[in-house]
Amino acid sequence: MKDSKKNWKKILKTIYINGFLSNKKEVNNKLNFNKNVIDYVLIKSKKEKLFLKERYLIDLNSINLGKFAWLFVSVDRQNLDKNLFSKKILKIINVHTIAEITGNYDYAIKIIGSSIQNINNIILTIEKIFPEIIDTEMHFVNKEFKTHFLKYENNQKKILKKEDILILAEKEKNPLINLYEIAKKYSIHRNTVSNKWKKFWTNKILLKKTIELTPKGYEFIEMGLKSFIIIKSTPGMQEKLIQKIIEEDKIQDIFTTIENEIFLLIRTKDSDELAQFYETLAKKCPNIKKTNTIIFLTKKTKSGLGDKEVELFIQKRN
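Quantities reported herein were computed from a predicted structural model and do not represent experimental measurements.

### Points about the pairing of strand S5 (residues 133-147)
At step 1: Across seven bridges, the pairing between strand S2 (residues 67-75) and S5 is antiparallel. Note on S5: the bridge partner recorded for Trp-70 is His-139.
At step 2: Across four bridges, the pairing between S5 and strand S9 (residues 251-257) is antiparallel. In the strand pairing of S9, Glu-144 is matched with Phe-255.
At step 3: When S5 meets strand S6 (residues 150-151), the two strands line up antiparallel, connected through two bridges. In the sheet register, Thr-147 faces S6, and the bridge partner there is Leu-150.
At step 4: The hairpin formed by S5 and S6 contains two residues between the paired strands, and His-148 there has a positive phi angle of roughly 50°.

### Remarks on the environment of Ile-288
At step 1: Among the structural elements, Ile-288 can be located in strand S11 (residues 288-301).
At step 2: With relative accessibility at 22%, the residue Ile-288 sits in the partly exposed group.
At step 3: In the structure, Ile-288 is positioned 54 residues away from Thr-234 in sequence and 6.3 Å away in space, judged by C-alpha atoms.
At step 4: Look past the residues within four positions of Ile-288 in its chain and what remains in contact with it is Ile-231, Lys-232, Ser-233, Leu-241 and Leu-281.

### Let's talk about the pattern of salt bridges
At step 1: Throughout the structure, instances matching the rule amount to 16 salt bridges.
At step 2: Ionic pairing is found between Asp-106 and Arg-77, a salt bridge with its closest N-O pair at 3.2 Å. Taken together, the residues Asp-106 in the loop between strand S3 (95-101) and strand S4 (107-113) and Arg-77 in the loop between S2 and helix H4 (82-90) connect sequence positions 29 residues apart.
At step 3: The class of Arg-77 is partly exposed, set by a relative accessible area of 40%.
At step 4: For the salt bridge of Lys-173 with Glu-170, the shortest nitrogen-to-oxygen distance reads 3.6 Å.

Parameters and conventions
- Residues numbered from 1 in each chain as written.
- Predicted model: local features only at pLDDT ≥ 70, side-chain atom pairs only at ≥ 80, totals over all residues.
- Heavy atoms only, no water.
- Pairing = 2+ DSSP bridges.
- Helix = DSSP H or I, 4+ residues; strand = E, 2+ residues; numbered from the N terminus.
- Buried < 20%, exposed > 50% of the residue type's maximum accessible area, 1.4 Å probe, protein only.
- Contact = heavy atoms within 4.5 Å.
- Salt bridge = Lys/Arg side-chain N within 4 Å of Asp/Glu carboxyl O.

Listed below in structure tokens is the structure:
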């Protein structure tokens, strides 16, 4: 049983970090497990609530939602209904994530949009309609280097049609739906849908297929502690510093902000492993002037493209 769980951990962690293709070939090549074993582990792991579903990672730049910012907020906790606050924040179409955090602020909110101005308008709206918020700090992304464990290539924006986004949205809502069903639903020729799906991968609109882990799942694969490390480097050394650490497997995301900071989103087993990462960071990067660590206590994230996101995209295209 111990060896079995060890194999489960290896399979789930590899799928989460590296992704897998629909025929499981990528996972087979990396782990040397056959498809039947992988399918069995996925079925049993889902039953044990280690993950919720398979999901596709989409390059949001391809649907004009590629800009983002993290808004840190302090709240009046004495007059705060935590569940209602999070629920209302997540109803805002451009909000992607809300997390309780440690440090000088109480919450971190990820906001996506088509431009900095678009995101700034959303932030101003949030500040206006939520009296619970008493202080804010904004961090607008400038350039991405790594996203969900993948080196990010700043490719040119792709022009998608309405039917493209409908296909992507259907697979996001139900990854197990086949392309023929999508073609039938929207009266699109099945060959057209199949060709578009292939081009989504070729053109890197689809970045990878992965799994949506539960808190229990993150603990199982020993990646239960999520943290931001915010770095101030010596002038002109940002990109050199990033290239020294970009291969570190504990780094999920790397991006710079217009405030000239480097944000690292880290996944570790626990605080001891986070401390070990700090030692590695210090040895590799002597040009760091200052760091600030923020630990995620709880997190709620929207999964995939909902009906509102699809509607927003279509409106912008029109």
